[in-house]
Amino acid sequence: MEEAAREEREAMLAIMGPECFWQDPADASRYAIRVAPLHDAASESVGALVLAVAAPRDYPSSASPHLSLPREGELHGAPPEWWPAAGWSPSDAERAQLSRMLAEAVEARRGEAAVFDGVDVLRSWLEAHTLEQREAAGAAAGDEAGEGAAASDDDELDEEDMDGEMIEALRPVLRGDGKRLKALDEAAELKDGSPAQRAALKAIWRSLTAAQKAQMVESSDEEDAPPARGGRKSQSAPPPAKRDCPKGHSLTAVNTKPADYATLDGNVFNCDVCDADGKYSGGAYHCGVCRNWDCCVKCGSRPAGAVESRAPPKKKKGKR
């Protein structure tokens, strides 16, 4: 079992919690997760699925995980309460559809950790086919507090927004919501900007009501800053740089990840002058000619002679 697969397994335990995670005592590469939409108004025994994971020895570098949906009695040793005697369960047609969706999610992540995507596929499907139906009935009865976010809300939130800053923005919105605050605390313990943390924050975001999302936007408005997608505050770009890159090119002030790094994940950069890590959303300087040289606002705001430059420039930027 590769190190990346072990880290993914540990992250899933942290995200889902021990009550929703089962490890095969005889095989460290096999475990199961109980997946359900994160919502206070939903019963944990309804609208839930069990995802079984089997990770080959060479996963994820050259093999894909096997994700399946075991029925009651097929996963020996797993908590029996995961399969309630009465309650919702998928039909054979739905189970076949979900299996195809899981296979597609795994294929799309070939060579990368894919269990996070499998969990997200199931949560999205459950929200659309179980959770939303119950909430629609609650809304008809005037229970607006239990109204959940639609699955289409994903497009309101960029992956770059799902980091430690989002965690702090969510805390006042979730005040008094013990279950989701616990999930938020677990997300905060994960590596900032990692796939595991993004998966956890995405699940929390999708569980918010429309009123809670509006509250995040209003909080940003009160600070006189234009809200970014998902209600996040956007910081303006820094003033023009007072230095050039080591090759004499002028630097561009940025507050978002430069297009030169579009294929890289994350919002983090490493300063090629002082070696400090920073976030593009907080401001930085980028050389559009070298295309792989950046520096922080502190270093870019001083003439080159005032700081020591490092060479050669790094070949990669972004989340490390």
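Residues numbered from 1 in each chain as written. Predicted model: local features only at pLDDT ≥ 70, side-chain atom pairs only at ≥ 80, totals over all residues. Heavy atoms only, no water.

The chain goes by RWD domain-containing protein in an unreviewed UniProt entry, where it is assigned to Prymnesium parvum.

## A look at the overall build of the chain
In terms of helices and strands, the chain carries 8 helices and 9 strands. The buried share among the 320 residues of the chain stands at 44%. For the chain, the proportion of contacts with a sequence separation of at least 24, taken over those separated by at least 6, is 62%. (Helix = DSSP H or I, 4+ residues; strand = E, 2+ residues; numbered from the N terminus. Buried < 20%, exposed > 50% of the residue type's maximum accessible area, 1.4 Å probe, protein only. Contact = heavy atoms within 4.5 Å.)

## Topic: helix α5 (residues 178-188)
It helps to recall that an α-helix has 3.6 residues per turn; residues three or four apart then point in one direction. Along α5, the positions that sit buried rather than exposed are Arg180, Ala183, Leu184, Glu186 and Ala187. Seen end-on, α5 carries its buried residues on one side only, within an arc spanning 160°. (Arc of directions from axis to C-beta.)

## Quick look at empty space enclosed by the protein
Applying the stated criterion to the full structure yields 2 cavities of 30 Å³ or more. Taken as a whole, the largest cavity holds about 60 Å³ of empty space. Lining the largest cavity, in full, are Met12, Ile15, Phe116, Val119, Asp120, Arg123, Ala199 and Ala203. If you list the elements that add at least two residues to the lining of the largest cavity, you get α1 (3-16), α3 (115-140) and α6 (195-207). No other element matches α3, which puts 4 residues into the lining of the largest cavity. Within the lining of the largest cavity, the residues separate by chemical class into 6 nonpolar, no polar and 2 charged. (1 Å grid on protein atoms, 1.4 Å probe; cavity = no way out; pocket = protein on both sides within 12 Å on 5 of 7 lines; lining within 4 Å. Points joined across faces, edges and corners; volume = space filled by probe spheres on them. Nonpolar A, V, L, I, M, F, W, Y, C, P; charged D, E, K, R; others polar.)

## What about the pairing of strand β2 (residues 30-35)?
Taking burial as the measure, the 6 residues of β2 include 5 buried ones, the bulk of the element. With 3 bridges joining them, strand β1 (residues 21-23) and β2 adopt antiparallel strand pairing. Residue pairing for β2: phenylalanine 21 is matched across the bridge by isoleucine 33. The antiparallel pairing of β1 with β2 creates a hairpin that spans 6 residues between the two strands. (Pairing = 2+ DSSP bridges.)

## Here's the deal with the sheet that holds strand β5 (residues 252-254)
Pairing in this open sheet of 3 strands is antiparallel, and the strands run β5-β8-β9 from one edge to the other. Two strands lie at the open edges of the sheet, namely β5 and β9 (293-295), each paired on one side alone. Between one strand and the next, the sheet's axes are offset by a mean angle of 30°, whatever the strand orientation. Of the strand pairs in this sheet, strand β8 (residues 284-287) and β9 are connected by 3 bridges, and their pairing is antiparallel. Residue pairing in the sheet places histidine 286 in a bridge with aspartate 294 of β9. (Axes fitted to C-alpha atoms, helices over the stretch in contact; angles between N-to-C directions.)

## Brief notes about the sheet that holds β2
If you trace the 4 strands from one edge of the open sheet to the other, you get β1-β2-β3-β4, paired in antiparallel fashion. Since the sheet does not close on itself, it has two edges, and those belong to β1 and β4 (66-68), each with one partner. Each neighbouring strand pair of the sheet contributes to a mean axis angle of 20°, computed without reference to strand direction. Relative to β4, strand β3 (residues 49-54) runs antiparallel, the two being bridged by 3 bridges. Looking at the pairing, valine 53 lines up with leucine 67 of β4. Its contacts with the sheet place α1 against β1 and β2, and it is angled at close to 30° to β2.

## Side note on the packing of aromatic side chains
Considering all chains together, one arrives at 3 aromatic pairs under this definition. With centroids separated by 6.3 Å and ring planes inclined at 35°, the aromatic side chains of tyrosine 261 and tyrosine 280 adopt a geometry described as tilted. Note that tyrosine 261 is positioned in the loop between β5 and β6 (268-270) and tyrosine 280 in the loop between β7 (277-279) and β8, a separation of 19 residues in sequence. Tyrosine 261 gets classed as buried once you look at its relative accessible area, which sits at 4%. We classify tyrosine 280 as buried; its relative accessible area is 0%. Of the aromatic side chains, those joined through ring pairs into one cluster are Tyr261, Phe269 and Tyr280. (Phe/Tyr/Trp six-rings, centres within 6.5 Å; stacked < 30°, edge-to-face > 60°.)

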